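These are the residues of each chain, in order.
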Amino acid sequence: MTDGEVFARERELIFNHSWLYIGHETELRKPNDFKTRTVAGRPLIFARDAKGTVRVWVNSCPHRGAMLCREPGGNARFMTCFYHGWSFSSSGALVSVPGDDGYGPDFERPSLAAPAKVDSYRGFVFVSFDPGIVDLQTYLAGAKDLLDLVCDQSEVGMQILEGTHEYSVKANWKLLIENSIDGYHAVSTHQRYFEMMNAAHGGFAPTALGQSRGMDLGNGHAAMAGEPSTGGLFGRPLSEAGTAEKSERFDRFREKYGDAWVDRMAGARNMVIFPNLVVIDLVMGVVVRRIEPLAPDYMEVTAWHLAPPEEGEELRKQRLDNFLTFWGPGGLASPDDVEALETCQRSYAAQRELPWSDVSRGMNKPAPTGSDEFQMRTWWRRWNELITGEKLPPEEHASLDGVHTGHRQSPDHATAQ
């Protein structure tokens, strides 16, 4: 958690050889839209070209390396380097060089560089800097199933809403990975939230924690997920109008996908896609969180809200309120988590006296719950394999996915939106 050499090994052995989330296709609504992002320490341009194709470019002019796009986003047919004026189209081709007669007739006009691999699954766009990595769907393994549960909540395709949460944490990035799939901390860390909910609504309690289950999704991906009755663990209870609207939509889903799939869809789930993408679906909203480690004791976090565009005004209002007041950097949850993680990091200065953290909760159970730490150990086993080369055997537990039965009736849910 504190060693610079370990952090360097993570950059080389994990981030240079994984599929890494860069953004969602719906963030690029129009041709020539672009966003600038940092992924694995590399500045990238996430763009839709003039023909509507999603592209990813290295945000560096191939002339002398200057950053090409210095805005967080926008819409532009051409990207012009402020240093020497080289200009590129949204498809990455070099279209203009000031004084290009100085280069001679044999000058090869370089295009923008790109990651080795770019692919998407149901609107979620990933990049990899490893040309030999397995294809994205193979890499996602069982995480595809949970992404399908999220994406099928819209009949026209889920969309990222306008507005982004951006904040930093003075702690090791792996601590937020753990926290994102940790049901154990909820009642103690977020006590003020549950007290507020009880005061406002009466009888509101985090009963889902004991009923949810830890899940090993393969390739280091892990989740805690609950039954339909546990939905809305952290979301405020829906209004009467919101409940009616949601029930009507889910009735249509039952006709389309079948009861078993929709029963799963109505549940709650926190998922980590190895190494650093978090998708949280707690019925009142879907949070997409990307964690970018910058140093052993510092990370930057970006979060978006994913929603069905066809929902009514009442549900959208409640969804946005929940995204702001619970998940926001100044909300009722994220500041608690940031404070907890930063105190952990400060205490790691005592590593000689306390060299280990304990993530053994639930190892003695036949089926660990979401308040146990099976899902964190799943992620850590993959981390350990990539960093040390030691592949540990998976834990054996009975019916770990027993609450997650049922599949869609239609076989096409792998089709990209």
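What this report covers is the structure whose coordinates are included nearby. (Residues numbered from 1 in each chain as written. Predicted model: local features only at pLDDT ≥ 70, side-chain atom pairs only at ≥ 80, totals over all residues. Heavy atoms only, no water.)

**Some remarks on the overall build of the protein**
Phase 1: If you tally the helices and strands in the protein, you get twelve helices and 18 strands.
Phase 2: Burial statistics for the protein: of 417 residues in total, 52% are counted as buried.
Phase 3: About 18500 Å² of surface is accessible on the protein, with carbon and sulfur atoms providing 51% of the total. (Helix = DSSP H or I, 4+ residues; strand = E, 2+ residues; numbered from the N terminus. Buried < 20%, exposed > 50% of the residue type's maximum accessible area, 1.4 Å probe, protein only. Areas by Shrake-Rupley, 256 points an atom, 1.4 Å probe, with all protein chains shown as cover.)

**Brief notes about the packing of helix 4 (residues 173-180) against helix 12 (residues 374-388)**
Phase 1: Remark: helix 4 packs on helix 12, axes separated minimally by 9 Å, with the N-to-C direction vectors making an angle of 145°. For the pair helix 4 and helix 12, the contacting residues are Trp173, Lys174, Ile177 and Glu178 in the first and Met376, Trp379, Trp380 and Trp383 in the second.
Phase 2: Of the residues contributing to the contact of helix 4 with helix 12, the split by class is six nonpolar, no polar and two charged. (Axes fitted to C-alpha atoms, helices over the stretch in contact; angles between N-to-C directions. Contact = heavy atoms within 4.5 Å. Nonpolar A, V, L, I, M, F, W, Y, C, P; charged D, E, K, R; others polar.)

**Observations concerning the pairing of strand 4 (residues 54-58)**
Phase 1: Relative to strand 4, strand 3 (residues 42-48) runs antiparallel, the two being bridged by five bridges. Each residue of the ladder has a partner; that of Arg48, found in strand 4, is Val54.
Phase 2: Between strand 3 and strand 4, which pair antiparallel one after the other, the connecting turn spans five residues, and Gly52 there sits at a positive phi close to 95°. (Pairing = 2+ DSSP bridges.)

**Notes on unusual backbone geometry**
Phase 1: Phe274 connects to Pro275 through a cis peptide bond whose omega is 5°.
Phase 2: Examined against the element boundaries, Pro275 turns out to sit in the loop between strand 15 (269-273) and strand 16 (277-281).
Phase 3: Non-glycine residue Asn219 carries a positive phi angle of around 60°.
Phase 4: Relative to the assigned elements, Asn219 resides in the loop between strand 13 (213-218) and strand 14 (221-225).

**Observations regarding the sheet that holds strand 8 (residues 94-96)**
Phase 1: Spatially, three strands are ordered 6-7-8 in an open sheet, and the strand pairing comes out antiparallel. Strand pairing shows two members of the sheet lacking a second neighbour, strand 6 (78-80) and strand 8, which therefore form its edges. Averaged over neighbouring strand pairs, the angle between their axes works out to 35° when direction is ignored.
Phase 2: For strand 6 and strand 7 (residues 87-89), the ladder comprises three bridges, and the chain directions are antiparallel. By the bridge assignment for strand 7, Thr80 is matched with Ser87.

**Overview of the nonpolar core**
In summary, soluble globular proteins display a tendency toward joint burial of nonpolar side chains.
Phase 1: Membership of the largest hydrophobic core comes to 79 residues, with the highest contact counts inside it found for Phe124, Phe126 and Met271.
Phase 2: In contact with Phe124, not counting residues within four places along its chain, are Tyr21, Gly23, His24, Asp119, Leu147, Cys151, Val279, Val288 and Leu306. (Core = buried A, V, L, I, M, F, W, Y, C linked by side-chain atoms within 4.5 Å.)

**Re the sheet that holds strand 9 (residues 117-121)**
By definition, the strands of a sheet pair up through backbone hydrogen bonds, in either a parallel or an antiparallel sense.
Phase 1: Strand order in this open sheet of three strands is 1-10-9, and the pairing throughout is antiparallel. Edge positions in the sheet fall to strand 1 (20-24) and strand 9, since each has one partner strand and no second. Across the sheet, the axes of successive neighbouring strands diverge by a mean angle of 30°, strand direction being ignored.
Phase 2: The pairing of strand 9 with strand 10 (residues 124-128) spans five bridges and is antiparallel. Paired with Ser120 across the strands is Val125, a residue of strand 10.

**With respect to the pairing of strand 16**
Phase 1: Along strand 16, five of the five residues are buried, which leaves the element largely enclosed by surrounding structure.
Phase 2: Both faces of strand 16 are covered, namely the face carrying Leu277, Val279 and Asp281 and the face carrying Val278 and Ile280.
Phase 3: In this structure, strand 15 lies alongside strand 16, joined through five bridges in antiparallel fashion. Bridge assignment links Asn270 to a residue of strand 16, and that residue is Ile280.
Phase 4: In this antiparallel pair of consecutive strands, strand 15 and strand 16, the connection spans three residues.
Phase 5: Bridge count between strand 16 and strand 17 (residues 286-295): five bridges; the pairing is antiparallel.

**Let's talk about helix 10 (residues 313-325)**
Residues lying three or four places apart along an α-helix face the same way, a consequence of the helix completing one turn every 3.6 residues.
Phase 1: The terminal C-alpha atoms of helix 10 lie 18 Å apart, and with 13 residues this matches the ideal 18 Å at 1.5 Å per residue to within 8%.
Phase 2: When helix 10 is considered as a whole, its buried residues turn out to be Leu315, Gln318, Arg319, Asn322 and Phe323. Seen end-on, helix 10 carries its buried residues on one side only, within an arc spanning 135°. Exposed residues lying more than 90 degrees from the buried face of helix 10 are Glu313, Lys317 and Leu324.
Phase 3: Buried residues in helix 10 make contact with strand 12 (165-169), helix 8 (240-257), strand 17 and strand 18 (298-307). (Expected span 1.5 Å × (residues − 1). Arc of directions from axis to C-beta.)

**Notes on the packing of helix 4 against helix 11 (residues 334-347)**
Phase 1: Where helix 4 meets helix 11, the closest approach of the two axes is 10 Å, and the angle between their N-to-C directions is 135°. Classified by the angle their axes make, helix 4 and helix 11 are oblique. Judged by the twist between their axes, the crossing of helix 4 over helix 11 is right-handed. Touching Leu175, Leu176 and Asn179 of helix 4 are Asp337, Leu341, Cys344 and Gln345, all from helix 11. (Parallel < 35°, antiparallel > 145°, perpendicular 65-115°, else oblique. Left-handed = near helix turned anticlockwise from the far one by under 90°.)

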